[in-house]
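Structure at a glance
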Amino acid sequence: AQSVTQLGSHVSVSEGALVLLRCNYSSSVPPYLFWYVQYPNQGLQLLLKYTSAATLVKGINGFEAEFKKSETSFHLTKPSAHMSDAAEYFCAVYNNNDMRFGAGTRLTVKP
Amino acid sequence: DVKVTQSSRYLVKRTGEKVFLECVQDMDHENMFWYRQDPGLGLRLIYFSYDVKMKEKGDIPEGYSVSREKKERFSLILESASTNQTSMYLCASSRPRLVTDTQYFGPGTRLTVL
């Protein structure tokens with residue numbers, strides 16, 4: 001069965017600092033990978049997805065993620081955090097009609 | 001833009017009540033999903049549907065049922081609500097058999113069972 005592990009349930013960064021949210025997956029076949037963001041009191045919104053094309057995927061709001069097969073990772077980064085990036089972020093893996101979400105990482109941005 | 005709407009943002013019910021959570025999508029998506037979101041557990045799939053009148057159990061279907069009478073509407077039913085069903089419920093929809101396509105989520109319903 002496939003699964004996703006997000007390292008760190010809470011991450012805090014200063015405004016302007018690098019954002020790094022970690023995601024490792026387990027899948028027996030090449031996966032499709034997603035990052036979603038959830039702002040307070042809202043549903044999930046797609047940030048970006050990996051579909052076996054380019055390994056570096058650019059998403060909305062300046063986020064990007066790199067698929068590394070050798071490390072089974074799909075970490076999310078943003079060079080410079082903004083206050084509006086404060087939210088919860090979910091990594092997900094998809095295969096064979098089965099989508100699995102990680103437990104989520106709450107990002108706090110300090111002024 | 002895809003729009004997924006849920007009938008209530010906040011709901012408070014009593015133990016033993018029958019609860020209906022409604023979800024409507026406007027993009028003619030065949031696939032619809034109900035998830036439950038709890039802190040530290042991420043999203044867990046309750047039920048999903050690939051077509052009208054069709055349903056499949058997800059990971060945690062116990063205590064829930066669903067109804068899909070029309071393509072755009074997917075209802076989650078708690079036959080007899082219990083306090084351990086207090087949670088955030090998220091509905092999603094997607095296009096069928098396009099594995100790279102996205103699930104679009106509604107805003108969620110926060111249910112409290114007293």
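For the structure given in this document, a descriptive report is provided here.

Criteria and thresholds
Residues numbered from 1 in each chain as written. Chains lettered and ligands numbered in written order. Predicted model: local features only at pLDDT ≥ 70, side-chain atom pairs only at ≥ 80, totals over all residues. Heavy atoms only, no water. Helix = DSSP H or I, 4+ residues; strand = E, 2+ residues; numbered from the N terminus. Rg over C-alpha atoms; globule rule 2.2 N^0.38 Å. Buried < 20%, exposed > 50% of the residue type's maximum accessible area, 1.4 Å probe, protein only. Contact = heavy atoms within 4.5 Å. Areas by Shrake-Rupley, 256 points an atom, 1.4 Å probe, with all protein chains shown as cover. Lys, Arg positive; Asp, Glu negative; His and termini not counted. Charge placed at Lys NZ, Arg CZ, Asp CG, Glu CD. Disulfide = S-S within 2.5 Å. Pairing = 2+ DSSP bridges. Axes fitted to C-alpha atoms, helices over the stretch in contact; angles between N-to-C directions.

Another point: the overall build of chain A. Summing up its helical and strand segments, chain A has zero helices and eleven strands in all. Listed N to C, the secondary structure of chain A is β-β-β-β-β-β-β-β-β-β-β in terms of helices and strands. A compact globule built from 111 residues should have a C-alpha radius of gyration of about 13 Å, and chain A, at 13 Å, falls within 12% of that. Each of the three principal axes of chain A carries a C-alpha extent, and together these read 40 × 25 × 20 Å. The proportion of buried residues among the 111 residues of chain A is 45%. Sequence-distant contacts, at least 24 apart, represent 56% of the contacts inside chain A between residues at least 6 apart. Surface summary for chain A: the accessible area is close to 5,300 Å², and the carbon and sulfur share equals 51%. Once the 9 positive and 7 negative side-chain charges of chain A are each reduced to a mean point, those two points are 2 Å apart.

Right, let's get into the state of the cysteines. Residue and element names in this part refer to chain B. All chains considered together, the criterion is met by two disulfides over all chains. One disulfide in the model links cysteine 23 with cysteine 91; its S-S distance is 1.9 Å. Residues cysteine 23 and cysteine 91 are joined through a disulfide that is left-handed, its torsion about the S-S bond being -75 degrees. In this pair, cysteine 23 is assigned in strand S3 (residues 19-25) and cysteine 91 in strand S9 (residues 87-94), connecting sequence segments 68 residues apart.

Another point: the environment of B:Cys91. Residue and element names in this part refer to chain B. For cysteine 91, a relative accessible area of 0% gives the class buried. Here the alpha-carbon distance between cysteine 91 and glutamine 103, two residues twelve residues apart in the chain, equals 9.5 Å. When neighbours within four sequence positions are excluded, cysteine 91 is seen to be in contact with Val4, Gln6, Cys23, Met32, Phe33, Trp34, Tyr104, Phe105 and Gly106.

Quick look at the sheet that holds strand S3 (residues 19-26) of chain A now. Hydrogen bonds along the backbone pair up the strands of a sheet, which may run parallel or antiparallel. All names here are of chain A. Within the open sheet, the five strands sit side by side as S1-S3-S8-S7-S6. Their pairing is antiparallel. The open sheet has two edge strands, strand S1 (3-7) and strand S6 (56-58), and neither has a second partner. Strand-to-strand twist in this sheet, taken as the mean axis angle between neighbours without regard to direction, amounts to 20 degrees. Pairing of S1 with S3 involves five bridges; the strand directions are antiparallel.

This part covers the pairing of strand S11 (residues 105-110) of chain A. Residues and elements named next belong to chain A. In S11, alternate side chains face the same way, and those of Thr105, Leu107 and Val109 are buried while those of Arg106, Thr108 and Lys110 on the opposite face are not. Where strand S2 (residues 10-14) meets S11, five bridges bridge the pair, whose relative direction is parallel. Paired with valine 13 across the bridge in S11 is valine 109.

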